[in-house]
Amino acid sequence: MRILGIDPGFGIVGFGVIEKSANGLDAIDYGVITTPKELEFSKRLAIISDSIADLIKQFSPDEIAIEELYFSSNVKTAIQVAHARGVIMLECHRAGVPAYEYNPLHIKQAVTGHSKADKPQMQQMAAILLGLAKPPKPDDAADALAIAICHAQTNQVLKRK
């Protein structure tokens, strides 16, 4: 099963593609989509939309895993990320690929076994689980791989039931 993990944002969107097989998990590709700050917000959303559509076409994922919106104190940022998530979800729907959402605590728990894990722990475990020589960079791409790993682990448990 091929899974596209997405760490949503509007300045940077992380993506990670993994393959889940009987032999375990393998990283296929990972990276980021960036949008220039000087562009109108609607144009930034269009870049995200087009880029997600291109990733879906390029990698043909069976399923997509997206991080749920984590809201802290910056309302403006949360609203902008929510818009980006909407565009991402729309592209998943248009492509006919099922999308699953996971909150940050669930992702940390699935990847490290500890819901309070920090970024370095997450990156190290992602590298171990995917057989990478070193932790993935940048952070947004590492987060996207962790989201995909979370889905692979969660989906495996759900299919056993």
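Before going into details, it helps to say that this report is about the structure given with it. (Residues numbered from 1 in each chain as written. Predicted model: local features only at pLDDT ≥ 70, side-chain atom pairs only at ≥ 80, totals over all residues. Heavy atoms only, no water.)

1. Concerning the packing of aromatic side chains
Here comes step 1: As enumerated under the stated definition, the model contains 1 aromatic pair in all.
Here comes step 2: Measuring from centroid to centroid gives 5.9 Å for F10 and F41, while their planes differ by 70°, and the two rings are edge-to-face. A residue pair is termed long-range when its members are at least 10 positions apart, and F10 in the loop between β1 (2-7) and β2 (12-21) and F41 in helix α1 (residues 41-59) qualify at 31 residues.
Here comes step 3: For F10, a relative accessible area of 15% gives the class buried.
Here comes step 4: Since its relative accessible area comes to 23%, F41 is described here as partly exposed. (Phe/Tyr/Trp six-rings, centres within 6.5 Å; stacked < 30°, edge-to-face > 60°. Helix = DSSP H or I, 4+ residues; strand = E, 2+ residues; numbered from the N terminus. Buried < 20%, exposed > 50% of the residue type's maximum accessible area, 1.4 Å probe, protein only.)

2. Some remarks on helix α3 (residues 104-112)
Note: α-helices contain 3.6 residues per turn, so residues at a spacing of three or four share the same orientation.
Here comes step 1: The set of residues buried in α3 consists of P104, I107 and V111. Buried positions in α3, seen along its axis, are confined to an arc of 60° and lie on one side of it.
Here comes step 2: The N-cap residue of α3 is N103: its side-chain oxygen and the backbone nitrogen of L105 are 3.0 Å apart. (Arc of directions from axis to C-beta. Polar contact = N/O pair within 3.5 Å; in protein donor to acceptor, adjacent residues only side chain to side chain.)

3. Some remarks on the environment of D139
Here comes step 1: Checked against the element boundaries, D139 lands in helix α5 (residues 139-160).
Here comes step 2: Of the residues examined, D139 reaches a relative accessible area of 34% and is grouped as partly exposed.
Here comes step 3: Taking the C-alpha atoms as reference, D139 lies 9.8 Å from D7; in sequence the two are 132 residues apart.

4. A word on the pairing of β1
Walk down a regular strand and you will see the side chains alternate between the two sheet faces.
Here comes step 1: Burial analysis of β1 places 5 of its 6 residues in the buried class, the great majority of the element.
Here comes step 2: Summarising the sheet, β1 and β2 pair through 6 bridges and their orientation is antiparallel. Among the inter-strand pairings, G5 is bridged to a residue of β2, identified as G16.
Here comes step 3: Here β1 folds back onto β2, and the loop between the two strands holds 4 residues.
Here comes step 4: By the bridge criterion, 4 bridges tie β1 to strand β4 (residues 63-67) in an arrangement that is parallel. Bridged to G5 within β4 is A65. (Pairing = 2+ DSSP bridges.)

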